[in-house]
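# Structural overview
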Amino acid sequence: MSWWGKLVGSGFGFMLGGPLGAIMGAALGHHFDKGLGNISGFDIGDQQRTQAAFFTATFSVMGYLAKTDGYVSRDEVAMAEHIMSQMKLSQEQRKAAIALFNEGKQADFPLDGALQQFRKECSRRTNLLQMFMEILISTAMADGTLHNEEAKALSYIGQQLGFNPAYIEQLLNMVNAQQNINSSNKPSLSSAYTVLGVNKNTSDADLKKAYRRLISQHHPDKLVAKGLPEEMIKLANEKTHEIKSAYELIKQSRKK
């Protein structure tokens, strides 16, 4: 049975527990007892449990982030809907994702508790946490502008998940460059270098190392094995495509 089936199926509705379980419970219209977080042997780190936590945290924190500048823009809502469409969610899952997004917009949304539990559920799976951050950053930049309040919120969220400020800034630049490449018929070389986290003076050998590291970090099969919901494979595929496109652009420019 899939993570979703176990989450909402008979006897497994309490598999998350904690703040994330309460958020999902509110989204589904159920009361999830925080004391039943390990029912039926679903211990911290179980793949399907981690998938449920990722889904819950992604859409609820996405909603929190969207309203930090005081206004949830149409572009931010469209980005959330775009991600839902990419995931080809069932009708039940889509309703849950929308409800989670709305839960995140509430004034009493337990951000700190949700982030602490999510980090614990992911354990040392840094690649999962990075993918989570990249999705949030893409949402914040959906309207073409990263507002100060959004930048502060992203920095806070990233630090709560264990990333240092310099790395968060690198992720911001990388996602911004990826969006520039996707929106342009003639992507700039500087954007390609930023996507790979290198510069024009980087040697060919180090360029290849950076490329291989990023491809490994975003490899769909590896991410799913670590707890990325299967429905988010297309998002991971998009990331690897963007990385490959940037690498090919740089290689072609160096041949010239």
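None of the values given here were measured: they were computed from a predicted structure.

Before going further, it helps to spend a moment on the pattern of salt bridges. On inspection of all chains with the given rule, the structure shows 4 salt bridges. The salt bridge involving lysine 239 is made with glutamate 134; its shortest N-O contact spans 3.5 Å. Of this pair, lysine 239 sits in helix H13 (residues 233-255) while glutamate 134 sits in helix H7 (residues 126-140), and the two are 105 residues apart along the sequence. Assessed through its relative accessible area of 8%, lysine 239 is described here as buried.

Mean pLDDT over the protein stands at 84; residues scoring 70 or higher make up 88%. Across residues 32-44, confidence stays below pLDDT 50; counting only partners more than four residues off in sequence or on other chains, it has 33 contacts.

The biggest cluster of nonpolar side chains holds 77 residues, and the ones touching the most others in it are Phe55, Phe59, Phe118, Phe132 and Leu196. Ranked by residues supplied to this core, first place goes to helix H3 (residues 47-66) with 11 residues. Aside from chain neighbours lying at most four places away, what touches phenylalanine 118 is Leu20, Ala53, Phe54, Ala57, Leu129, Phe132 and Leu161.

Close contact between helix H4 (residues 74-87) and H13 brings their axes to 7 Å; oriented N to C, the two are set at 105 degrees. In terms of axis orientation, H4 runs roughly perpendicular to H13. Along its contact with H4, which presents His82, Ile83 and Gln86, the element H13 presents Lys234, Leu235 and Glu238. A per-class count over the contact of H4 with H13 returns 2 nonpolar, 2 polar and 2 charged.

To continue, consider the environment of asparagine 199. Mapped onto the elements of the fold, asparagine 199 is located in the loop between helix H10 (189-196) and helix H11 (204-217). With relative accessibility at 41%, the residue asparagine 199 sits in the partly exposed group. Separated by 10 residues in sequence, asparagine 199 and leucine 189 have C-alpha atoms that sit 9.8 Å apart. Discounting residues that sit within four places of it in the chain, asparagine 199 has contacts with Tyr193 and Arg254. Only 2.8 Å separates the side chain of asparagine 199 from the backbone nitrogen of asparagine 201, close enough to count as a polar contact.

How each quantity is defined
- Residues numbered from 1 in each chain as written.
- Predicted model: local features only at pLDDT ≥ 70, side-chain atom pairs only at ≥ 80, totals over all residues.
- Heavy atoms only, no water.
- Salt bridge = Lys/Arg side-chain N within 4 Å of Asp/Glu carboxyl O.
- Helix = DSSP H or I, 4+ residues; strand = E, 2+ residues; numbered from the N terminus.
- Buried < 20%, exposed > 50% of the residue type's maximum accessible area, 1.4 Å probe, protein only.
- pLDDT = per-residue confidence, 0-100.
- Contact = heavy atoms within 4.5 Å.
- Core = buried A, V, L, I, M, F, W, Y, C linked by side-chain atoms within 4.5 Å.
- Axes fitted to C-alpha atoms, helices over the stretch in contact; angles between N-to-C directions.
- Parallel < 35°, antiparallel > 145°, perpendicular 65-115°, else oblique.
- Nonpolar A, V, L, I, M, F, W, Y, C, P; charged D, E, K, R; others polar.
- Polar contact = N/O pair within 3.5 Å; in protein donor to acceptor, adjacent residues only side chain to side chain.

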